[in-house]
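The lines below spell out each chain.
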Amino acid sequence: AQSVTQLGSHVSVSEGALVLLRCNYSSSVPPYLFWYVQYPNQGLQLLLKYTTGATLVKGINGFEAEFKKSETSFHLTKPSAHMSDAAEYFCAVRQKRSSNTGKLIFGQGTTLQVKP
Amino acid sequence: GAVVSQHPSRVICKSGTSVKIECRSLDFQATTMFWYRQFPKKSLMLMATSNEGSKATYEQGVEKDKFLINHASLTLSTLTVTSAHPEDSSFYICSASSPGQGDGYSNQPQHFGDGTRLSIL
């Protein structure tokens, strides 16, 4: 069965510092991979996704993630944190299968705190 | 981009009341929508997959008679929390995928509504 693990439920960085949020997945076949961000009392907003092609994916708000098959990882990074990046971040996977209805498997989430 | 609208954003009601939450895909047709429940400081828990024109598929442990799902059209799914009690208080979020190419829906992201904060007194 597929699973997603986000290492670190809480990450704190200083404004301007590198952001690194970790995500590892467990799947017999490399799945489709997604990162979502959630601000308080809101739904989830797609940051980026990996389906096929280039393994380094660029998303919105300066975020990017790299799919590493050998490490079964899809870590999210941003070179320089802004105060507005403080939010909850979720990694999610979806199995590649034509009969798939699109069910996502979410990680536990990582709260990003940005200190001035 | 694809937009999903969820209504209402917040509901406060008395115990025993039934509450209906709507989820609409505004600019695409969604044969499948998803309903999640999120507890404070927790991840999203998938409650059920809503299929247009057929019965919803519920996840293990979710009461079908408690959480009624109707997906009568390609742009609307509703979740009704029947006879709600304080333990049903939570943040409920819906999502939908726009149709993909080749691999069905798998390679398309889910688009989420803004959620409904349900508080049962």
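Bear in mind that the values here come from a model prediction, so they are computed numbers and not experimental data.

*Asks:* What should I look at first to understand the state of the cysteines in this one?
*Replies:* Simply put, the disulfide is a covalent bond whose two ends are the sulfur atoms of two cysteines. Residue and element names in this part refer to chain A. Scanning the entire structure with this criterion turns up 2 disulfides over all chains. Here Cys23 engages in a disulfide with Cys91; their sulfurs sit 1.9 Å apart. Classification of the bridge connecting Cys23 and Cys91 rests on its S-S torsion, roughly -65°, and on that basis the disulfide is left-handed. Of the two residues, Cys23 sits in the loop between β3 (19–21) and β4 (24–26) while Cys91 sits in strand β10 (residues 87–94), which places them 68 residues apart along the sequence. Accessibility assignment for this pair places Cys23 and Cys91 in one class, buried.

*Asks:* Even after reading the chapter, I still don't get the environment of Tyr36 of chain A, so can you show me in this structure?
*Replies:* Of note, Tyr36 of chain A is situated in strand β5 (residues 32–38). Here Tyr36 of chain A falls in the buried class, since its relative accessible area comes to 0%. Sequence separation between Tyr36 of chain A and Leu48 of chain A is 12 residues, and the spatial gap between their C-alpha atoms is 7.3 Å. A distance of 2.8 Å separates a polar atom in the side chain of Tyr36 of chain A from the backbone oxygen of Gln110 of chain B.

*Asks:* Honestly, the nonpolar core in this entry has me stumped. Any pointers?
*Replies:* For soluble globular proteins, nonpolar side chains are generally found buried alongside one another. Of all hydrophobic cores here, the largest spans 26 residues; its most connected members are Trp35, Leu48, Leu76 and Tyr89 of chain A. Elements that contribute at least two residues to this core include exactly β2 (10–14), β3, β5, β6 (44–50), β8 (64–68), β9 (73–78), β10 and β12 (110–115) of chain A. Here the element with the most residues in this core is β10 of chain A; it accounts for 4 residues. When sequence neighbours within four positions are dropped, the list of residues in contact with Tyr89 of chain A reads Gln6, Leu21, Trp35, Tyr36, Val37, Leu47, Phe63, Leu76, Gly109, Thr110 and Leu112 of chain A. Judged by nonpolar contacts, the second largest core, of 25 residues, contains Phe28, Met33, Met47 and Tyr92 of chain B.

*Asks:* Looking at this structure, I do not really get the interface of chain A and chain B. What am I missing?
*Replies:* Interfaces are often sized by the amount of accessible area the parts lose when they come together. Between chain A and chain B, the contact holds 25 residues from the first and 25 residues from the second. Between chain A and chain B, the buried area comes to about 1900 Å², and carbon and sulfur atoms account for 50% of it. Counting the contacts that link chain A with chain B gives 0 salt bridges. Seen at the junction of chain A and chain B, the total is 5 residue pairs in polar contact (both at pLDDT 80 or more). Broken down by secondary-structure element, the contributors of at least two residues to the side of chain A that touches chain B are β5, β6 and β10 of chain A.

*Asks:* Explain the environment of Phe28 of chain B here, please?
*Replies:* Inspection of the secondary structure assignment puts Phe28 of chain B in the loop between β3 (19–25) and β4 (32–38). When the C-alpha atoms of Phe28 of chain B and Pro86 of chain B are compared, they prove to be 35 Å apart, with 58 residues separating the residues in sequence.

*Asks:* How should the layout of surface pockets be read in this particular structure?
*Replies:* Vacant regions in the atomic arrangement are exposed by a probe of water-molecule size rolled over the atoms. If you add up the space inside the largest pocket, you get close to 400 Å³. Residue lining of the largest pocket: 19 residues in total, with Gln38, Pro40, Asn41 and Glu88 of chain A together with Lys41 of chain B positioned closest to the centre. Of all the secondary structure elements, the ones that give two or more residues to the lining of the largest pocket are β10 and β12 of chain A. Grouping the constituent residues of the lining of the largest pocket by class yields 9 nonpolar, 6 polar and 4 charged.

Scoring rules and cut-offs
- Residues numbered from 1 in each chain as written.
- Chains lettered and ligands numbered in written order.
- Predicted model: local features only at pLDDT ≥ 70, side-chain atom pairs only at ≥ 80, totals over all residues.
- Heavy atoms only, no water.
- Disulfide = S-S within 2.5 Å.
- Helix = DSSP H or I, 4+ residues; strand = E, 2+ residues; numbered from the N terminus.
- Buried < 20%, exposed > 50% of the residue type's maximum accessible area, 1.4 Å probe, protein only.
- Polar contact = N/O pair within 3.5 Å; in protein donor to acceptor, adjacent residues only side chain to side chain.
- Core = buried A, V, L, I, M, F, W, Y, C linked by side-chain atoms within 4.5 Å.
- Contact = heavy atoms within 4.5 Å.
- Buried area = accessible area lost by both parts, 1.4 Å probe.
- Salt bridge = Lys/Arg side-chain N within 4 Å of Asp/Glu carboxyl O.
- 1 Å grid on protein atoms, 1.4 Å probe; cavity = no way out; pocket = protein on both sides within 12 Å on 5 of 7 lines; lining within 4 Å.
- Points joined across faces, edges and corners; volume = space filled by probe spheres on them.
- Nonpolar A, V, L, I, M, F, W, Y, C, P; charged D, E, K, R; others polar.

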